[in-house]
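A look at the structure
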Protein chains: 2
Amino acid sequence: MRPTVHDIAAAAGVSLATVDRVLNQRPGVRLVTREKVEAAIRQIGYIRDVAAANLAKGRVYPLVFIVPTGDNSFMHGLRLEVHHATLRASIERTDIRIVEVPAFDVPSLVAALDALQGQNIAGVALVATDAPEVRAAVDRLVSERIPVVTLVSDLTDSARHHYAGIDNIAAGRTAARLLGRFLGGREGDITVLAGSMLVRDHRERLQGFSAVMAEEFPKLRLLPVLEGRDDPERTKTLISKALSERKDIIGIYSLGAGNRGLIAALKAVRPERELTVVVHELTQHTRAALVEGTIDAVLNQDAGHEVRSAIRVMKATADGQAVIADQERIRLDIFLKDNLP
Amino acid sequence: MRPTVHDIAAAAGVSLATVDRVLNQRPGVRLVTREKVEAAIRQIGYIRDVAAANLAKGRVYPLVFIVPTGDNSFMHGLRLEVHHATLRASIERTDIRIVEVPAFDVPSLVAALDALQGQNIAGVALVATDAPEVRAAVDRLVSERIPVVTLVSDLTDSARHHYAGIDNIAAGRTAARLLGRFLGGREGDITVLAGSMLVRDHRERLQGFSAVMAEEFPKLRLLPVLEGRDDPERTKTLISKALSERKDIIGIYSLGAGNRGLIAALKAVRPERELTVVVHELTQHTRAALVEGTIDAVLNQDAGHEVRSAIRVMKATADGQAVIADQERIRLDIFLKDNLP
DNA sequence: CGATTTTTGATGTACGTAAATCAAAAATTT
DNA sequence: AAATTTTTGATTTACGTACATCAAAAATCG
C-alpha cells in the first residue's frame, strides 16, 4: 500500500496538521520540525495522490491557447485539435480558452500575452513568432510563475518551460536525404518553397535541408528560396513560373503550409515533367496528392499529439510535477503512400 | 460546474442510494425507476468522476504482461518498458506482473494464459504467437470478461479487445517503397531476412513488401526468404553465404530482430559491395549502423508507447470506458540517420 | 518570572463517489 | 386484507488530501 499523509505524521512523530503545513508550504512550522517531516517524506517515499488532492481542492486548470488565424489547413487542424481538447475539459479538469491572433503579427501576439498577466491562469500555450518582443512577453509571464509552452514553433532564448513540437532542423535534414536518395544520382536543380523566413520552424527546416544537400548531394543545386506566405494562389504562381523558367528543376521541397497551390501547379505540368516532391504537413490535399503520386513523401507533425502534450505539460508544471520527457517528445512522421493512417 | 450524483438524484426525483444502485448495476431497482434515472443521467450529461470513484473504491488494476524470453534487443527493450511501467505503478494504481514464456512456444503461452483464469485480474497483455490454441485460450479469458490486449503481434480471428502494435502490412509496403526508391531504377536481386514465418507480424511484413515490390519495382527480383530465427550467429552465416553466392544482390530487407548478425556480415563485405539496406527495430546496433551508413533506414515501433497504450486500454476496458482510438494508434516510425531521437 | 508570540495538535468539513446498513414504503402474493 | 417480498430512502463511513478553526503547548521576549 502506498503511504499517505497519516504515515508521514506517524513516521515524523508530528500531527497531521503539521504535515499538511509542510506539504502545502503553509507558515507556522519551525525549521527543525519542517526538516523532520521532509526527512520522513523522503524516507518512506511518500508521493502525493494528485487525484485526491485535486478532488479536495476542486482544482481546475484554466489554460490559454494562443493560435494564429489564417486558413491554411495545418493551423485549421491545430485549432480543431484545441477545440477537441475543450470537449474533454470536464473530465480533464481543464478550462481552455482559445485566443486567435493574426499570423506573424508580433504586436498582436505580445498584446495577447500581456493581457494574461495577473490573471488566474494555470498555463499558456502559444505558436510563437520568433521575435525579441515576444520573448520578453513570454519571460514576463514566466516570471509570474505561469507555465508557458511553445507550440509548433519555438522561441529563441526564452524562458518558456517546454516546447511541444518537432525538431525542425532534423526535419529539414530528413527531407534532404529523402529527396536526394529518391533522385538516385541524378543531377539538377532543387526548388525550396517556404511560407516565411520570419518563423523559426521554417528557418530551421531550411537550415537542415541546406546542410545535408551541401554535404551529401553535391549534384543537386539549390535555387533561391521562394516565399509563398502559406498562400495557395501566390504559391501556385511562384511554382508555375519557376518550373517554366528552369527546365532543370527535378525536385521540390515545400517546408511550409499552403500546399494546395503547389499541388495545383504540379498537376498542370504533370505527365511531361517528372518531379520528386517532398512536402510538410499531412492534410486532405497532401494526402490525396501522395496517393496519386503527385508528391512522394509527406513529413508531418501530429497536431493532436502536440496539443495533448502541451496540456499535460502545463498541468504538470502548474503542479510542480516532473514531465516524462520521452513521452512528450513530438515525433516527425514520415508518410509514403503506403503508411498513411 | 460538472453535474454530480446528487444532481442526478434531484433530477430523477429519487434518492442517492437509488442512483448509486443504477450506476453500479446493483440489484433492487425496478425497471421504470432505472429508466428514469438513466434518462436523467443522459439529460443532464452526467459523467462519472473516475478519479473520485477510484479513490472511493481504493481501486488498483492488477495487470499481467506475458512476454517472450530470448535475448534479442527488441524483446529486451520491451521487457524493460514493462519494468518501467511497474515503477509508475503506485501513481497509476496498477499492479503489474510480468510472466515470461519461451518464444514461439504455443503450449507454454496457452498454459500461462489458462493459469490466469478465475484470478482477480483487470487485464492481460500478451505478445501473441498466432496459433488456434492461443486464440482459444485468449477467447476463454475474454469470455470471463477479462480485458485482453495483444502486443506487437496480433492474433488472427480472436476476440481480444485491442491490438497495441503497428500495421505490419503497411510496414512491409513502406520498406519496399523505400528500398525501391533508394535504388533508383537499378536492376538486381533483393534478399529478405525474416525471424520466423510462424509469427503474424513477420508474415504480414513480407506480404506487404512483396506486394509493393511486384506492383512497382519489376526490375528488382525477390530471392527466397531467409529465416534467421532472430539469432545473430545464424543470421550472419546466412547473409554472408547469400552475398558471396549471388553477386547481383543490391538490397536487403530485414524484417525481424537479431540484426547484429546482419550488420556484422555487411561490414565484412563493406567497401566493395554497395548495398541498400532497410531493417526493423531501432536498437543500439541498428542505430550505430544507420549513423555509419551501413544501413539506410530503420523502421521502428516504439515499445514504450506500446506498453503505455496497452495499459491505458486495459484500464479503460476494465472500467467499461471508451478508448480514444486516435491516441492509441501505434505509429510506424521511419528513421534515417538525420531524425534519430 | 510572567507575558507574549510562535508553533503544534486535535478536530471537523469538504471534494465526488462507493458501499453498506437499516428502516420505510410500495408492490406482489396468498 | 394480511403476509410477504421487493424496492426505495435515509444515513453513515470511507478513500486521500486540503483547508480552516480553536485550543494547548512550547518557545521567546521583556
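Note that the coordinates shown come from a computational prediction; the quantities given were computed from them, not determined experimentally. (Residues numbered from 1 in each chain as written. Chains lettered and ligands numbered in written order. Predicted model: local features only at pLDDT ≥ 70, side-chain atom pairs only at ≥ 80, totals over all residues. Heavy atoms only, no water.)

A short note on the relation of the copies chain B and chain A
Superposing chain B onto chain A takes a rotation of 180° plus a shift of 0.0 Å along the axis, which leaves an RMSD of 0.1 Å. Here the transformation between the copies is reduced to the relation of a two-fold axis. Of the residues that chain B buries at the interface, 100% are likewise interface residues in chain A, meaning the two copies contact each other through the same surface. (Least-squares fit on C-alpha atoms with pLDDT ≥ 70 in both. Contact = heavy atoms within 4.5 Å.)

Concerning unusual backbone geometry
Leave glycine aside and you will find that most residues have negative phi; peptide bonds, for their part, are mostly trans. The backbone phi angle of Phe104 of chain A is positive, close to 60°, even though this residue is not glycine. You can see Phe104 of chain A is positioned in the loop between β2 (94-101) and α7 (106-114). The phi dihedral of Asp230 of chain B falls on the positive side, at around 55°, and the residue is not glycine. Relative to the elements of secondary structure, Asp230 of chain B occurs in the loop between β8 (226-227) and α11 (232-245). (Helix = DSSP H or I, 4+ residues; strand = E, 2+ residues; numbered from the N terminus.)

Quick word on the interface of chain B and chain A
In this assembly, 37 residues from chain B lie in contact with 37 residues from chain A. In this assembly, chain B packs against chain A so that about 3500 Å² is buried in total across both faces, 50% of it on carbon and sulfur atoms. Of all residues in chain B, the largest losses of buried area upon contact with chain A belong to Arg181, Arg331 and Asp338 of chain B, amounting jointly to 20% of the total for that side. Our count for the chain B to chain A interface comes out at 14 salt bridges. Arg331 of chain A serves as the salt-bridge partner of Asp302 of chain B, at 2.7 Å between the closest nitrogen and oxygen. If you look at where chain B meets chain A, you find 14 residue pairs in polar contact (both at pLDDT 80 or more). Those elements that place two or more of their residues in the side of chain B that touches chain A are α4 (50-57), α6 (89-92), α9 (168-182), α10 (200-216), α14 (303-318), α15 (325-328) and β12 (333-335) of chain B. Sort the elements by how many residues they give to the side of chain B that touches chain A and α9 of chain B lands first, with 7 residues. (Buried area = accessible area lost by both parts, 1.4 Å probe. Salt bridge = Lys/Arg side-chain N within 4 Å of Asp/Glu carboxyl O. Polar contact = N/O pair within 3.5 Å; in protein donor to acceptor, adjacent residues only side chain to side chain.)

Description of the packing of aromatic side chains
One pass over the full model with this rule turns up 3 aromatic pairs over all chains. When the ring of Phe182 of chain A is compared with that of Phe182 of chain B, the centres are 5.9 Å apart and the planes differ by 55°; the resulting orientation is tilted. One end of the pair, Phe182 of chain A, is in helix α9 (residues 168-182); the other, Phe182 of chain B, is in helix α9, on a second chain. Of the residues examined, Phe182 of chain A reaches a relative accessible area of 7% and is grouped as buried. Ring geometry for Phe209 of chain A against Tyr253 of chain A: centres 4.4 Å apart, planes inclined by 25°, an arrangement best described as stacked. Of the two residues, Phe209 of chain A sits in helix α10 (residues 200-216) while Tyr253 of chain A sits in strand β9 (residues 249-254), which places them 44 residues apart along the sequence. The residues Phe209 of chain A and Tyr253 of chain A share a single accessibility class, namely buried. Sitting over the face of the ring of Phe182 of chain B, Arg181 of chain A holds its NZ or CZ atom 4.5 Å from the ring centroid. (Phe/Tyr/Trp six-rings, centres within 6.5 Å; stacked < 30°, edge-to-face > 60°. Buried < 20%, exposed > 50% of the residue type's maximum accessible area, 1.4 Å probe, protein only. Lys NZ or Arg CZ within 6 Å of the ring centre and 35° of its normal.)

Looking at the protein's contact with DNA strand D
Tyr46 and Arg48 of chain A together with Thr18, Arg30 and Thr33 of chain B are the nearest of the 28 residues found near DNA strand D. Restricting the count to atoms of DNA strand D within 4 Å of the protein gives a sugar and phosphate share of 71%. The side chain of Thr18 of chain B places a nitrogen or oxygen atom 2.7 Å from a phosphate oxygen of DNA strand D. At a separation of 2.6 Å, a phosphate oxygen of DNA strand D approaches a polar backbone atom of Arg30 of chain B. For the surface near DNA strand D, the secondary-structure elements that each account for two or more residues are α1 (5-12), α2 (16-23) and α4 (50-57) of chain A together with α2 (16-23) and α4 of chain B. (Near = heavy atom within 4 Å.)

Examining the pairing of strand β10 (residues 276-280) of chain B
One face of the sheet, then the other: side chains in a regular strand alternate in exactly this way. Residues and elements named next belong to chain B. The element β10 is extensively covered by neighbouring structure, given that 5 of its 5 residues are classed as buried. The two faces of β10 match: Thr276, Val278 and His280 on one face and Val277 and Val279 on the other face are all buried. Since strand β9 (residues 249-254) and β10 lie parallel, the crossover through helix α12 (residues 259-268) that links them has a hand, and here it is right-handed. Two strands pair when backbone bridges link them, and β10 and strand β11 (residues 297-300) are joined in this way by 3 bridges, in the parallel orientation. Following the sheet pairing, Val278 is matched in β11 by Ala297. Taken together, β10, helix α13 (residues 284-292) and β11 form a β-α-β motif whose crossover is right-handed. (Right-handed = clockwise from strand over helix to strand, strands pointing away. Pairing = 2+ DSSP bridges.)

Comments concerning the UniProt feature "domain: HTH lacI-type" (unreviewed entry) in chain A
Per the UniProt record, the feature "domain: HTH lacI-type" (unreviewed entry) sits at residues 3-57 of chain A. Between the C-alpha atoms that bound residues 3-57 of chain A there is a distance of 20 Å. The span itself is 69% helix and 0% strand. (UniProt positions renumbered as here; feature names shortened; annotations may be inferred.)

Looking at the sheet that holds strand β1 (residues 61-68) of chain A
All names here are of chain A. One open sheet accounts for 5 strands, arranged β2-β1-β3-β4-β5; its pairing is parallel. With one partner strand each, in any of the chains shown, β2 and β5 (162-164) form the two edges of the open sheet. Going from strand to strand, the sheet's axes swing by 20° on average, the running direction of each strand aside. Docked against the sheet, helix α5 (residues 73-87) engages β1, β2 and β4 (148-151), running at close to 155° with respect to β2. Along the sheet, helix α14 (residues 303-318) makes contact with β1, β2, β3 (123-126), β4 and β5, crossing β1 at roughly 140°. (Axes fitted to C-alpha atoms, helices over the stretch in contact; angles between N-to-C directions.)

Topic: α13 of chain B
Residues and elements named next belong to chain B. Thr286, Ala289 and Leu290 are the residues of α13 that are buried. In a view along the axis of α13, the buried residues occupy a sector of 100°, so they form one face of it. On its buried face, α13 sits against α12, β10, β11 and β12. Gly293 occupies a position one or two residues after α13 and carries a positive phi of about 95°. (Arc of directions from axis to C-beta.)

Observations concerning the sheet that holds strand β5 (residues 162-164) of chain B
Residues and elements named next belong to chain B. Reading across from one edge, β2-β1-β3-β4-β5 is the order of the 5 strands in this open sheet, with parallel pairing throughout. The sheet is open, and its two borders are formed by β2 (94-101) and β5, each paired with just one other strand. Ignoring which end each strand starts from, the neighbouring axes of this sheet average 20° apart. Packed on one face of the sheet, α14 meets β1 (61-68), β2, β3 (123-126), β4 (148-151) and β5 and runs near 140° to β1.

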